[in-house]
Amino acid sequence: MLYEQLTKLIKKSGKSINQIERELGYPRNTLTTYKRSNPSTKRLNEIAEYFDVSVDYLLGRQDEPKHREDDLSEEESELIGAFRMEREDMTPDEQVKFNEAVKDLMKYAKERLNDDSIWKK
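Criteria and thresholds
- Residues numbered from 1 in each chain as written.
- Predicted model: local features only at pLDDT ≥ 70, side-chain atom pairs only at ≥ 80, totals over all residues.
- Heavy atoms only, no water.
- 1 Å grid on protein atoms, 1.4 Å probe; cavity = no way out; pocket = protein on both sides within 12 Å on 5 of 7 lines; lining within 4 Å.
- Points joined across faces, edges and corners; volume = space filled by probe spheres on them.
- Helix = DSSP H or I, 4+ residues; strand = E, 2+ residues; numbered from the N terminus.
- Nonpolar A, V, L, I, M, F, W, Y, C, P; charged D, E, K, R; others polar.
- Buried < 20%, exposed > 50% of the residue type's maximum accessible area, 1.4 Å probe, protein only.
- Polar contact = N/O pair within 3.5 Å; in protein donor to acceptor, adjacent residues only side chain to side chain.
- Contact = heavy atoms within 4.5 Å.
- pLDDT = per-residue confidence, 0-100.
- Arc of directions from axis to C-beta.
- Salt bridge = Lys/Arg side-chain N within 4 Å of Asp/Glu carboxyl O.
- Core = buried A, V, L, I, M, F, W, Y, C linked by side-chain atoms within 4.5 Å.

Engineer: Kindly report on the layout of surface pockets, identifying the contributing residues and their values.
Structural biologist: As a volume, the second largest pocket reaches approximately 160 Å³. Looking at the lining of the second largest pocket, the elements with two or more residues in it are α5 (74-87) and α6 (92-112). Grouping the constituent residues of the lining of the second largest pocket by class yields eight nonpolar, no polar and no charged.

See below:
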C-alpha cells in the first residue's frame, strides 16, 4: 500500500522519483525498494513531511492526504509511526494486548526517571 500511495504523490508532484530521492537525500532507487519492504520510521516520517501528508495516509489507513499533526514533535511522530508499524499485522485481540503492554511500559519507564543509578554511564 505504501508504494501505491507514494506513486500517487510523486505523480501529483510533477517530479520524477529520482528528483524526489535527491531532494530527500536518499540513494537512487530507495523509494522503489518500498514496493517490497517497509522504510524505517524515520524515513516514513521524512517522506510524510516532504509530501505534507500524514503517515496514516502513506500507509493507506486514511483516504484523504491529511496533513501531519503540527502539534507533535519529530520524536513524537517517530514514536507514533513505530507504534503503528508494529501493530500493522496484528489481529484486533493482539492489538488490545499490545496497547496494554505499551501503556504498562510507559508507566514503568516514568517510575524509573528518578533513579539516577539507571542513567549513569
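Engineer: Tell me about the side chain of Gln5, residues and numbers included.
Structural biologist: Relative to the helices and strands, Gln5 is located in helix α1 (residues 2-13). By relative accessible area, which is 4% here, Gln5 ends up buried. Within polar-contact distance, the side chain of Gln5 engages the side chain of Lys8 at 3.1 Å. Those residues in contact with Gln5, other than ones at most four positions away along the chain, are Tyr57, Leu58, Gly60 and Gln62.

Engineer: Can you break down the confidence of the model for the protein chain residue by residue, with the values?
Structural biologist: Low pLDDT marks stretches whose predicted atomic positions should not be read closely. Of the residues in the protein chain, 94% have a pLDDT of 70 or more, and the chain-wide mean is 86. Per-element mean pLDDT across the protein chain ranges from 78 in helix α7 (residues 116-119) up to 94 in helix α2 (residues 17-24).

Engineer: Would you mind going over helix α3 (residues 41-51) in detail, with residue names and values included?
Structural biologist: The complete set of buried residues in α3 reads Leu44, Asn45, Ile47, Ala48 and Phe51. End-on, the buried residues of α3 take up no more than an arc of 160 degrees, which puts them together on one face. Summarising the contacts, the buried residues of α3 are in contact with α1, α2, α4 (55-58) and α5. Remark: Asp52 follows α3 within two positions and exhibits a positive phi of approximately 60 degrees.

Engineer: So what's going on with the pattern of salt bridges? Which residues, and what values?
Structural biologist: All told, the structure shown has six salt bridges when counted by the stated rule. In this structure, the salt-bridge partner of Arg61 is Asp56, at a minimum N-O distance of 3.5 Å. Take Arg61: its relative accessible area is 36%, and that puts it in the partly exposed class. Residue Asp56 is classed as buried on the basis of its relative accessible area, which comes to 14%.

Engineer: Before we move on, could you go through the nonpolar core and cite the residues and values that matter?
Structural biologist: Most often, soluble globular proteins have nonpolar side chains that are buried together. Membership of the largest hydrophobic core comes to 19 residues, with the highest contact counts inside it found for Leu6, Leu31, Leu44, Ile47, Phe51 and Leu58. Sorting the residues of this core by element identifies α1, α2, α3 and α4 as the ones contributing at least two each. Look past the residues within four positions of Phe51 in its chain and what remains in contact with it is Leu6, Leu9, Ile10, Ser13 and Ile20.

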